Amino acid sequence: MTRREAAATLHRSLSRFVAHDEAERTLFVVASKARQHGALGSADLAGALRGCRGRGDRWPCVLEIHAASVMRGLGGDRLIGNLLIDLYAKNGLLRWARRVFEDLSARDHVSWVAMLSGYAQNGLGIEAVGLFRQMHRSAVVPTPYVLSSVLSACTKGQLFAQGRLVHAQVYKQGFCSETFVGNALIALYLRYGSFKLADRVFSDMPFCDRVTFNTLISGHAQCEHGERALEIFDEMQLSGLRPDCVTVASLLAACANVGDLQKGKQLHAYLLKAGMSLDYITEGSLLDLYVKCGDIETAHEIFNSGDRTNVVLWNLMLVAYGQISDLAKSFEIFCQMQAAGIRPNQFTYPCILRTCTCSGHIELGEQIHSLSIKTGFESDMYVSGVLIDMYSKYGWLDKARRVLEMLGKKDVVSWTSMIAGYVQHDLCEEALATFKEMQDCGIWPDNIGLASAASACAGIKAMRQGLQIHARVYVSGYSADVSIWNTLVNLYARCGRSEEAFSLFRAIEHKDEITWNGLISGFGQSGLYEEALKVFKQMGQTGARYNVFTFVSSISASANMADIKQGKQLHCRAIKTGHTSETEVSNALISLYGKCGSIEDAKMEFSEMSERNEVSWNTIITSCSQHGRGLEALDLFGQMKKEGLKPNDVTFIGVLAACSHVGLVEEGLSHFKSMSNEYGVTPIPDHYACVVDILGRAGQLDRARKFVEEMPIATDAMVWRTLLSACKVHKNIEIGELAAKHLLELEPHDSASYVLLSNAYAVTGKWSNRDHVRKLMRDRGVKKEPGRSWIEVKSAVHAFFAGDRLHPLADQIYRFLADLNDRIAKIGYKQDNYHLFHEKEQERRDPTSFVHSEKLAVAFGLMSLPPCMPLRVIKNLRVCNDCHNWMKFTSDVTGREIVLRDVYRFHHFTNGSCSCGDFW
């Protein structure tokens, strides 16, 4: 191939990298102009190349000169080659720069620096390090410029290990005193996050220039080390160097990060006094300072006087009004921006979308989403991440998922937003499936993704997957991340692994409120209520500050233990710390008093609330319903609607239960129909069970059976159990057998189903059928749960079984009980336990075996507690007719209030009557 042919071939190859019209024009003129260049030497061609630097419109000339140099046999000329390497590298044509580099007949330090700088500028750190190694093997001694270029490449490519090796070369070659090498090292370590090493390099430098200080200040400011950035600025001033616009912009960012508005204003004044021209970076930094420090008025003044064509300033104003949740003003700015013809960028839409999210205007967010599609930003990962977050937070998970699926290239933020959305709405299995899908796509989870996945494991108590995520935390290098440790502590606590939870908890050096709350709530959610309250006590002893979540978790633990004494202590502590004004704490207190049988305290707490939400109303409605105050519950439901609050599925469970407990059949059915017709609430199995209970308690069993048969959803065990229980009360064995058949198919190992059917046969005198059910239980290995009751006396909880004689005071209790039975018999009490046993069984059984556990608990309470205190008894089963009757007579004879909490509801016995009105 002739030189002319080689030049033409080279030209055709290079033309692919420039605009088509330029390439076409160049190919037409190269042949004619090559002859004119024939008499030119390397110096002339090099001079022509220097004239092309920084001129994008001179690309045809560069190609002509390159072609001419090949035609003249100067393809390996070092002078021309170095310039071509520099030009090609700076314009991203690294392959052609490397080809020129390889074709050089001899390379000097300029050649190596030009090629290394090209790699560094284009972020090709691995290639730069490889070339540096080639240089080292070629026995070329690196210059400070070479080392500086390699360090810059390592910084941009995040090759920190290789950067440390290059640092060793700097020491070996004795270039530590070179300022620009030191600057490159500082940039490397700041990017790596090793601020100590960066500061050490800085302190060892004999001379620092403005770049040194600007690099340090900018690095610390970007990592929100605002105070350190300001300290370095003070050192800069002491060194006699005057700050430039870059310095001031970085310092303004530092002031914004630490909220130092006063220092920021001083810098603003310095800018004006020094007469520095405000470029778009400085304007943006000033605006960012006033926005982050909450001075929106000054921010708006700067915006109005600034460059209104700068999209960054518009974005900052959107952030400003979003920060104070002023959606109207934020949207106004957005509309002005469009009217001014400013094209939004990938940061504009997230600014306005976040404001829509914070203010709850999801519909407007949808419109912004549509606009982002029209302007081509829907596929942008940053915009999509914010859209996924917005839809997820408001439960629009299908839309969030569609946004994720539409993304061609998904990043870790997009995946993590989706996972967090699932976790937020308790869709933990979907969250873990998405987490696995992310990993299958080769995306390595970040700290937020790992924390969300650990939360999902905690939500469904998936300990095995949780252990895997715990291992991944260590592998990923997040073992020092407190947020992940907090989540792991909660995971182990919720899974009942108290030792591991405490071990992780103790290993956290700097514990915050989230750490303590994670342990307390975790133990509470796993049923380890005493452990939760012990942690609360330890938290107070260490001086850690309680917050809303601390009290909510601790009060809930007391409520689940029905420990009213501990609950009242927590209530007092909440009053002292001023947390009773928080709606969530008041809601927890209402639940506490409701679950502990003190409905009056619950109502008082509700009445004293300054703000109430749906949870407040649901809790008090449910509490009144459980305490037999159905009419009060329905009245509260009416008040809730008047205040404009929309009832949800939880509300209707309380309302339907209230109708059931007071026998309001038609009203209950009316409320059930209104759920979907008026409020758009789709009934769940719990609601259907409530309706069956309403009809069953009222004795309308045929109607209840028809309702069950016409249910549009699959009938679950709870519905059949409710129907069977009603059949036992009303002695309807035909429907009872039907309900039992379905119930035993669904739950063949649940003892309650067998007991209900056995008792139904017993009350109707079908003893052989009863015996058959009991034999079936024995054959299937099903054991009946024994009746058990608890009462607290002098801070100790005492438990009793039916016919129990294990208590230390058993003899005294039975003597007291016998005397009490004599007293109530005189006013009309007759024992009614024998209906479950035929006559021969009654003769064979020990009479004390008929003494149910709640009677023993009440007798012990009457013996031990002062007359002014009500007796609070908890039973694990439904109270029977006889015990219910016995309690009424006992309250009348003794003049004491007895509060019995069975598995279904509360019974308040006073003066011979019960709050349920004998309808339970």
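Residues numbered from 1 in each chain as written. Predicted model: local features only at pLDDT ≥ 70, side-chain atom pairs only at ≥ 80, totals over all residues. Heavy atoms only, no water.

- Taking an unreviewed UniProt entry as the reference, the protein chain is identified by name as DYW domain-containing protein belonging to Urochloa decumbens.

**Re the overall build of the protein chain**
Here comes step 1: Within the protein chain one finds 50 helices and six strands.
Here comes step 2: Long-range pairs, those at least 24 residues apart, make up 64% of the contacts in the protein chain between residues at least 6 apart in sequence. (Helix = DSSP H or I, 4+ residues; strand = E, 2+ residues; numbered from the N terminus. Contact = heavy atoms within 4.5 Å.)

**A word on the UniProt feature "repeat: PPR" (unreviewed entry) in the protein chain**
Here comes step 1: Here, UniProt's "repeat: PPR" (unreviewed entry) annotation points to residues 108-142, 209-243, 310-344, 411-445, 481-511, 512-546 and 613-647.
Here comes step 2: Summarising residues 310-344: 74% helix, 0% strand, and an end-to-end C-alpha distance of 10 Å.
Here comes step 3: Between the C-alpha atoms that bound residues 613-647 there is a distance of 11 Å. The span itself is 74% helix and 0% strand. (UniProt positions renumbered as here; feature names shortened; annotations may be inferred.)

**Observations regarding the pairing of strand β5 (residues 906-910)**
Here comes step 1: Taken across its five residues, β5 has four buried, putting it largely inside the fold.
Here comes step 2: Counted along the chain from strand β4 (residues 898-901) to the antiparallel partner β5, the turn is four residues long.
Here comes step 3: By the bridge criterion, two bridges tie β5 to strand β6 (residues 913-914) in an arrangement that is antiparallel. Residue pairing for β6: Phe909 is matched across the bridge by Cys914.
Here comes step 4: Counting the residues between successive antiparallel strands, the hairpin from β5 to β6 contains two residues, one of them, Asn911, with a positive phi of roughly 50°. (Buried < 20%, exposed > 50% of the residue type's maximum accessible area, 1.4 Å probe, protein only. Pairing = 2+ DSSP bridges.)

**Observations concerning the packing of helix α13 (residues 210-222) against helix α14 (residues 226-238)**
Packed helix pairs are characterised by how far apart their axes lie and by the angle those axes make with each other.
Here comes step 1: Interhelical geometry of α13 versus α14 gives an angle of 165° and a closest axis separation of 7 Å. Relative to α14, the element α13 lies roughly antiparallel. In terms of crossing hand, the pair formed by α13 and α14 is left-handed. Contact with α13, carried on its side by Arg210, Phe213, Asn214, Leu216, Ile217, His220 and Ala221, involves Gly226, Arg228, Ala229, Ile232, Phe233, Glu235 and Met236 of α14 and no other residues of that element.
Here comes step 2: Tallied by class, the residues present in the contact of α13 with α14 amount to eight nonpolar, three polar and three charged. (Axes fitted to C-alpha atoms, helices over the stretch in contact; angles between N-to-C directions. Parallel < 35°, antiparallel > 145°, perpendicular 65-115°, else oblique. Left-handed = near helix turned anticlockwise from the far one by under 90°. Nonpolar A, V, L, I, M, F, W, Y, C, P; charged D, E, K, R; others polar.)

**Brief notes about the sheet that holds β4**
Neighbouring strands of a sheet are bound in pairs by backbone hydrogen bonds; such pairs are parallel or else antiparallel.
Here comes step 1: Strands sit in the order β2-β1-β3-β4-β5-β6 across an open sheet of six strands; the sheet is mixed. Each edge of the open sheet carries a strand with a single partner, namely β2 (796-801) and β6.
Here comes step 2: Relative to β5, β4 runs antiparallel, the two being bridged by four bridges. Across the sheet, Leu900 pairs through a bridge with His907, a residue of β5.

**Structural notes on the packing of helix α7 (residues 109-121) against helix α8 (residues 125-137)**
Here comes step 1: Remark: α7 packs on α8, axes separated minimally by 8 Å, with the N-to-C direction vectors making an angle of 160°. Relative to α8, the element α7 lies roughly antiparallel. Of the two possible hands of crossing, α7 and α8 adopt the one that is left-handed. Facing α7, whose interface residues are His109, Trp112, Met115, Leu116 and Tyr119, α8 presents Glu127, Ala128, Leu131, Phe132, Gln134 and Met135.
Here comes step 2: The class makeup of the residues in the contact of α7 with α8 is eight nonpolar, two polar and one charged.

**Here we look at the nonpolar core**
Here comes step 1: Among the nonpolar cores identified, the biggest contains 224 residues, and Leu287, Leu519 and Leu723 are the most heavily contacted of them.
Here comes step 2: Looking at this core, the element that brings in the most residues is helix α19 (residues 311-323), giving eight residues.
Here comes step 3: The residues touching Leu723, leaving out its near neighbours within four places in the chain, are Val692, Leu701, Ala704, Val708, Ile735 and Ala739.
Here comes step 4: The next biggest cluster of nonpolar side chains, apart from the first, holds 30 residues, and it includes Leu820, Val858, Leu862 and Ile898. (Core = buried A, V, L, I, M, F, W, Y, C linked by side-chain atoms within 4.5 Å.)

**A word on unusual backbone geometry**
Here comes step 1: Of note in this structure, Lys461 is not a glycine but carries a positive phi near 55°.
Here comes step 2: Locating Lys461 in the fold gives a position in the loop between α27 (447-459) and α28 (463-475).
Here comes step 3: The residue Asn911 is not glycine, and still its phi comes out positive at about 50°.
Here comes step 4: The topology assignment puts Asn911 in the loop between β5 and β6.
Here comes step 5: Judged by relative accessible area, which is 63%, Asn911 ranks as exposed.

**Side note on the confidence of the model for the protein chain**
Here comes step 1: Within the protein chain, residue pLDDT values average 83, and 89% of them lie at 70 or more.
Here comes step 2: Counted against residues more than four places away or in other chains, residues 9-39, with its pLDDT under 50, gives 42 contacts. (pLDDT = per-residue confidence, 0-100.)

**Observations concerning the packing of aromatic side chains**
Given two aromatic rings, one states the distance between the centres and the angle between the planes to describe the pair.
Here comes step 1: The tally for this structure, following the rule as stated, stands at 19 aromatic pairs.
Here comes step 2: Put simply, the rings of Phe331, Phe334, Tyr349 and Phe377 touch in pairs and so form one group of aromatic residues.
Here comes step 3: The lysine or arginine in question, Lys511, covers the ring of Phe505, its NZ or CZ lying 5.1 Å from the ring centre.
Here comes step 4: One Lys or Arg, Arg612, reaches over the ring of Phe606 and ends 4.3 Å from the middle of that ring. (Phe/Tyr/Trp six-rings, centres within 6.5 Å; stacked < 30°, edge-to-face > 60°. Lys NZ or Arg CZ within 6 Å of the ring centre and 35° of its normal.)

**Regarding the layout of surface pockets**
Here comes step 1: By volume, the second largest pocket is sized at about 1,100 Å³.
Here comes step 2: Forming the walls of the second largest pocket are 37 residues, and the residues nearest its centre are Asn490, Arg494, Ser521, Gln525 and Phe549.
Here comes step 3: Top element by residues in the lining of the second largest pocket is helix α33 (residues 548-561). It accounts for seven residues.
Here comes step 4: Here the residues of the lining of the second largest pocket are counted per class, giving 13 nonpolar, 20 polar and four charged. (1 Å grid on protein atoms, 1.4 Å probe; cavity = no way out; pocket = protein on both sides within 12 Å on 5 of 7 lines; lining within 4 Å. Points joined across faces, edges and corners; volume = space filled by probe spheres on them.)

**As for helix α32 (residues 529-542)**
Every α-helix winds through 3.6 residues per turn, so residues three or four apart in the chain are directed the same way.
Here comes step 1: With 14 residues, α32 should cover 20 Å at 1.5 Å per step; its first-to-last C-alpha distance of 20 Å lies within 8% of that length.
Here comes step 2: Turning to α32, the residues buried within the fold contact α30 (498-507), α31 (513-525), α33 and α34 (564-576). (Expected span 1.5 Å × (residues − 1).)

**Topic: the pairing of strand β1 (residues 788-793)**
Here comes step 1: Here β1 shows a clear split, with Ser789, Ile791 and Val793 buried on one side and none of Arg788, Trp790 and Glu792 buried on the other.
Here comes step 2: Sheet analysis places β1 next to β2, joined by six bridges and oriented antiparallel. By the bridge assignment for β2, Glu792 is matched with Val797.
Here comes step 3: Between β1 and β2, which follow one another and run antiparallel, lie two residues, and Lys794 among them has a positive phi close to 55°.
Here comes step 4: Two elements, β1 and strand β3 (residues 871-875), share three bridges in a ladder whose sense is antiparallel. From the neighbouring strand, Ser789 faces β3, where its bridge partner is Lys875.

**Brief notes about the pattern of salt bridges**
When the charged atoms of two side chains with opposite charge come close together, those side chains can pair.
Here comes step 1: Per the counting criterion, the structure on display carries 26 salt bridges.
Here comes step 2: Put simply, Arg629 and Glu600 hold a salt bridge, and the shortest N to O gap is 2.7 Å. Here Arg629 is found in the loop between α37 (614-626) and α38 (630-642), whereas its partner Glu600 is found in helix α36 (residues 599-607), with 29 residues between them in sequence.
Here comes step 3: Salt bridges here are not isolated pairs; linked through shared partners, they connect Asp199, Arg228, Glu231 and Glu235. (Salt bridge = Lys/Arg side-chain N within 4 Å of Asp/Glu carboxyl O.)

**Comments concerning the environment of Leu271**
Here comes step 1: On the secondary structure map, Leu271 appears in helix α16 (residues 261-273).
Here comes step 2: The class for Leu271 is buried, based on a relative accessible area of 0%.
Here comes step 3: Sequence separation between Leu271 and Cys245 is 26 residues, and the spatial gap between their C-alpha atoms is 8.1 Å.

**Re the environment of Pro647**
Here comes step 1: Following the sequence through the fold, Pro647 ends up in the loop between α38 and α39 (649-662).
Here comes step 2: The exposure class assigned to Pro647 is buried, which follows from its relative accessible area of 2%.
Here comes step 3: Distance from Pro647 to Phe637, taken between C-alpha atoms, is 8.4 Å for residues ten residues apart in sequence.
Here comes step 4: Excluding residues within four positions of it along the chain, Pro647 makes contact with Phe637, Met640, Phe652, Tyr679 and Val681.

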